[in-house]
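# Inside the fold
Okay, here's what each chain looks like letter by letter:
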Amino acid sequence: MVLGRGFYLHVMRLFLSSHGLGRHGRRLAELTGGGGRALLVANALDAAPEESRRAVFVRTAAALDEIGFDVGELDLRRYFTWSDGLAAKAAGADLLFV
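Here goes a summary of the coordinates provided. (Residues numbered from 1 in each chain as written. Predicted model: local features only at pLDDT ≥ 70, side-chain atom pairs only at ≥ 80, totals over all residues. Heavy atoms only, no water.)

## Examining the overall build of the protein
- A tally of helices and strands in the protein yields 3 helices and 5 strands.
- Taking all contacts inside the protein whose residues are at least 6 apart in sequence as the whole, residues at least 24 apart take part in 63%.
- Accessible surface, the protein as shown: approximately 7,200 Å² in total, 56% of it carbon and sulfur. (Helix = DSSP H or I, 4+ residues; strand = E, 2+ residues; numbered from the N terminus. Contact = heavy atoms within 4.5 Å. Areas by Shrake-Rupley, 256 points an atom, 1.4 Å probe, with all protein chains shown as cover.)

## Quick notes on the packing of aromatic side chains
- Inspection of the entire model under this criterion finds 1 aromatic pair.
- A ring pair is formed by Tyr79 and Trp82, whose centres lie 5.6 Å apart and whose planes are at 15 degrees; its orientation type is stacked.
- On the basis of relative accessibility, which here comes to 14%, the residue Tyr79 falls in the buried class. (Phe/Tyr/Trp six-rings, centres within 6.5 Å; stacked < 30°, edge-to-face > 60°. Buried < 20%, exposed > 50% of the residue type's maximum accessible area, 1.4 Å probe, protein only.)

## Section: the sheet that holds strand 5 (residues 95-97)
- Pairing within the open sheet is parallel, and its 3 strands lie in the order 4-3-5. Among the strands making up the open sheet, the edge pair consists of strand 4 (69-73) and strand 5. Sheet twist, expressed as the mean angle between neighbouring strand axes with direction ignored, is 30 degrees.
- Here 5 bridges tie strand 3 (residues 36-40) to strand 4, and the two strands are oriented parallel to one another. Bridge pairing links Arg37 to Asp70 in strand 4.
- Lying over the sheet, helix 2 (residues 50-66) contacts strand 3, strand 4 and strand 5, oriented at roughly 160 degrees with respect to strand 4. (Pairing = 2+ DSSP bridges. Axes fitted to C-alpha atoms, helices over the stretch in contact; angles between N-to-C directions.)

## Looking at the nonpolar core
- By size, the foremost hydrophobic cluster in this structure holds 12 residues: Leu21, Leu28, Ala29, Ala38, Leu40, Phe57, Ala61, Leu64, Ile67, Phe69, Leu95 and Phe97.
- Mapped by element, the contributors of at least two residues to this core are helix 1 (25-31), strand 3, helix 2 and strand 5.
- Top contributing element to this core by residue count: helix 2, with 3 residues.
- Contact partners of Leu28, with chain neighbours within four places excluded, come to Phe15, Leu21, Leu64, Ile67, Phe69, Leu95 and Phe97.
- Membership of the second largest hydrophobic core comes to 5 residues, among which are Leu39, Leu74, Tyr79 and Ala93. (Core = buried A, V, L, I, M, F, W, Y, C linked by side-chain atoms within 4.5 Å.)

## Let's talk about the environment of Arg27
- Looking at where Arg27 falls in the secondary structure, it is placed in helix 1.
- Note: C-alpha distance between Arg27 and Phe15 (12 residues apart in sequence) is 8.6 Å.

## A look at helix 2
- With 17 residues, helix 2 should cover 24 Å at 1.5 Å per step; its first-to-last C-alpha distance of 24 Å lies within 8% of that length.
- For helix 2, the set of buried residues is Arg53, Phe57, Thr60, Ala61 and Leu64. Buried residues of helix 2, seen end-on, are gathered within an arc of 105 degrees and therefore sit on one face of the element. Along helix 2, exposed side chains directed more than 90 degrees from the buried face belong to Glu51, Arg59 and Glu66.
- Contacts from the buried residues of helix 2 go to helix 1, strand 3, strand 4 and strand 5. (Expected span 1.5 Å × (residues − 1). Arc of directions from axis to C-beta.)

Below, the structure written as structure tokens:
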């Protein structure tokens with residue numbers, strides 16, 4: 001939303017859960033208007049063995065898919081020196097799930 005010359009309003013809603021989607025995953029889909037494109041950020045697991053990291057990713061992606069999201073991965077390690085690329089990638093998502 002444009003507020004005036006050069007000023008924009010970006011709306012962000014937060015969905016907080018202590019574990020995965022919790023018991024209210026459908027509410028998350030409602031916050032985004034009913035699903036859409038989701039990017040899953042799994043970098044908190046970078047130090048874990050790759051098979052563990054992948055298992056958590058697959059489980060979380062399946063839960064998001066179940067409530068109507070098309071899920072992709074956003075690996076922040078690829079964007080340490082390319083912030084414009086990160087902004088462009090994130091702008092195409094309806095949801096960033098960290």
